[in-house]
2 protein chains.
Amino acid sequence: MRLSTKGRYAVTAMLDLALNGKNGPVTLAEISENQGISLSYLEQLFAALRNKDLVRGVRGPGGGYYLGKSADEISIANIICAVDEWVEFTRCGGRQNCSGGARCLTHTLWDDLSSEIFNFLANISLGDLVRRNLGKKEEEERPLSVVGDSNSQAA
Amino acid sequence: MRLSTKGRYAVTAMLDLALNGKNGPVTLAEISENQGISLSYLEQLFAALRNKDLVRGVRGPGGGYYLGKSADEISIANIICAVDEWVEFTRCGGRQNCSGGARCLTHTLWDDLSSEIFNFLANISLGDLVRRNLGKKEEEERPLSVVGDSNSQAA
DNA sequence: TAATTACCAAGTGAATTACTAGGTAATACA
DNA sequence: TGTATTACCTAGTAATTCACTTGGTAATTA
């Protein structure tokens, strides 16, 4: 699975939409302001999100974007797939002449990893993130319990 | 964690080295031939691997590359970190002015994912892959049991 | 001394990223 | 009806990365 900053931008923008879209549509100009992403780049991202029905645009004054479905029905994987396409790590579908060699071994490895990442992201919805944020606001400034092991440089 | 084709090339090359390096050093020319990677690109990758002591070069006729340590001591994460650098998904180390907003929420998400991927790859060694290959060779042409759920397009 | 190998530096076309510029189309409101 | 506001669309661009090519130098073997 492709994991680029582009996908991160899209997730961030969608989360902004989920958090601020309770009382009407959110304009790209607002998201641009909030998240520091250029308006035109957002337009491109949202064109892709619209194609997958993850958002719904409303034109004219007072317009903007709504989520295309409920936040609980939108997984992070959905969002990333929409903007990044789903690039297969391996290109031989097992059929090629690389069986048994180092090449196909890494193919299997990458397939497994790809599933791992996908499952992780498919099991987290926008709704989950929103609730995580509410929890954070409730406990005021106290930090969330985060993953303990820092994965800094394996030197 | 950065997951590019570059890292995949490196893993593939290292695996080739582990599989064929039993009876002496393996030349980059051989790996280039086996894996279809250009010689000079391999040289660049191996310069990075050498810096992390993952491989050891021997010059002159009959020279080539050895693994820098035993295959069991080299994790896939080690290899990828060597050639891809470890790019943090988040840039604010938690300290920035994005706490509570959509931006920091996705930061936490990406940190978690990063750990997930790292742990997956850190728990697989080159030795594991080699043994997986031997197992494959033993059962001749019968395919390995692979991950069941295909993660093809979430449409 | 010559061949072979690692090792090193610079440059390149293609792709991607994040962005700018410059539009058109639909809608709300005066 | 006209104007502002928003989404929507197309093209182009500087910076970066990828995978590679070119053209070397350094160490070792025979």
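These numbers were taken from a predicted model, which means no experiment stands behind them.

Caption draft 1: Summary view of the environment of V83 of chain A. Residue and element names in this part refer to chain A. The topology assignment puts V83 in helix α4 (residues 76-84). A residue is classified by how much of its surface remains accessible, and V83, at 7% relative accessible area, is buried. As a C-alpha pair, V83 and L49 span 34 residues in sequence and 6.7 Å in three-dimensional space. Apart from the residues lying within four places of it in its own chain, the contact partners of V83 are K6, G7, A10, L45, A48 and L49.

Caption draft 2: Spatial organisation of the protein's contact with DNA strand D. The full set close to DNA strand D counts 27 residues, and R50 and Y65 of chain A together with T5, S40 and Q44 of chain B are the nearest of them. Close to the protein, within 4 Å, the atoms of DNA strand D belong to sugar or phosphate groups at a rate of 65%. Between DNA strand D and K6 of chain B, the relevant distance is 3.3 Å, taken from a phosphate oxygen to a main-chain nitrogen or oxygen of the residue. In the surface near DNA strand D, the residues fall into nine nonpolar, eleven polar and seven charged.

Caption draft 3: View of the packing of aromatic side chains. Residues and elements named next belong to chain B. The full count for this structure, using the stated rule, is four aromatic pairs over all chains. Taking 4.8 Å as the distance between ring centres and 50 degrees as the angle between the ring planes, the aromatic pair formed by F46 and Y65 counts as tilted. Separated by 19 residues along the polypeptide, F46 in helix α3 (residues 39-51) and Y65 in strand β2 (residues 64-67) bring together distant segments of the chain. The burial state of F46 is the same as that of Y65; both residues are buried.

Caption draft 4: Molecular detail of the environment of Y41 of chain B. Residues and elements named next belong to chain B. Take Y41: it is sitting in helix α3. With a relative accessible area of 27%, Y41 lands in the partly exposed category. Residues Y41 and K6, spaced 35 residues apart in sequence, show a C-alpha to C-alpha distance of 9.7 Å. With residues up to four places along the chain from it excluded, the contact list for Y41 reads K6 and Y9.

Caption draft 5: A look at the protein's contact with DNA strand C. The environment of DNA strand C is formed by 28 residues, the closest being T5, S40 and Q44 of chain A together with R50 and Y65 of chain B. Protein-proximal atoms of DNA strand C, defined as those within 4 Å of the protein, fall in sugar or phosphate at a share of 66%. Taking R50 of chain B, its side chain carries an N or O atom lying 2.6 Å from a phosphate oxygen of DNA strand C. For the surface near DNA strand C, the elements supplying multiple residues, two or more each, are α1 (5-20) and α3 (39-51) of chain A together with α3, β1 (55-58) and β2 of chain B. Grouping the amino acids of the surface near DNA strand C by side-chain chemistry returns nine nonpolar, twelve polar and seven charged.

Caption draft 6: A look at the pairing of strand β2 (residues 64-67) of chain A. All names here are of chain A. Pairing between strand β1 (residues 55-58) and β2: four bridges, direction antiparallel. Pairing of R56 across the sheet is with Y66, part of β2. Between β1 and β2, which follow one another and run antiparallel, lie five residues, and G60 among them has a positive phi close to 85 degrees.

Caption draft 7: Structural context of α3 of chain A. All names here are of chain A. Given a rise of 1.5 Å per residue, 13 residues ought to cover 18 Å, and the 18 Å separating the end C-alpha atoms of α3 matches this to within 8%. Residues of α3 that are buried sit in contact with α1, α2 (28-35), β1, β2 and α4. Positive phi appears at D53, one or two residues downstream of α3, with a value of about 60 degrees.

Caption draft 8: Structural view of the pattern of salt bridges. Taken as a whole, this structure holds four salt bridges over all chains when the rule is applied. The closest approach of N and O atoms between R131 of chain A and D128 of chain A, which form a salt bridge, is 2.9 Å. Pair noted here: R131 of chain A and D128 of chain A are both in helix α6 (residues 126-138), with a separation of three residues, about one helical turn. Assessed through its relative accessible area of 44%, R131 of chain A is described here as partly exposed. The partly exposed category is assigned to D128 of chain A, whose relative accessible area is 30%. Here R131 of chain B makes a salt bridge to D72 of chain B, at a shortest N to O gap of 3.0 Å.

What counts and how
Residues numbered from 1 in each chain as written. Chains lettered and ligands numbered in written order. Predicted model: local features only at pLDDT ≥ 70, side-chain atom pairs only at ≥ 80, totals over all residues. Heavy atoms only, no water. Helix = DSSP H or I, 4+ residues; strand = E, 2+ residues; numbered from the N terminus. Buried < 20%, exposed > 50% of the residue type's maximum accessible area, 1.4 Å probe, protein only. Contact = heavy atoms within 4.5 Å. Near = heavy atom within 4 Å. Polar contact = N/O pair within 3.5 Å; in protein donor to acceptor, adjacent residues only side chain to side chain. Nonpolar A, V, L, I, M, F, W, Y, C, P; charged D, E, K, R; others polar. Phe/Tyr/Trp six-rings, centres within 6.5 Å; stacked < 30°, edge-to-face > 60°. Pairing = 2+ DSSP bridges. Expected span 1.5 Å × (residues − 1). Salt bridge = Lys/Arg side-chain N within 4 Å of Asp/Glu carboxyl O.

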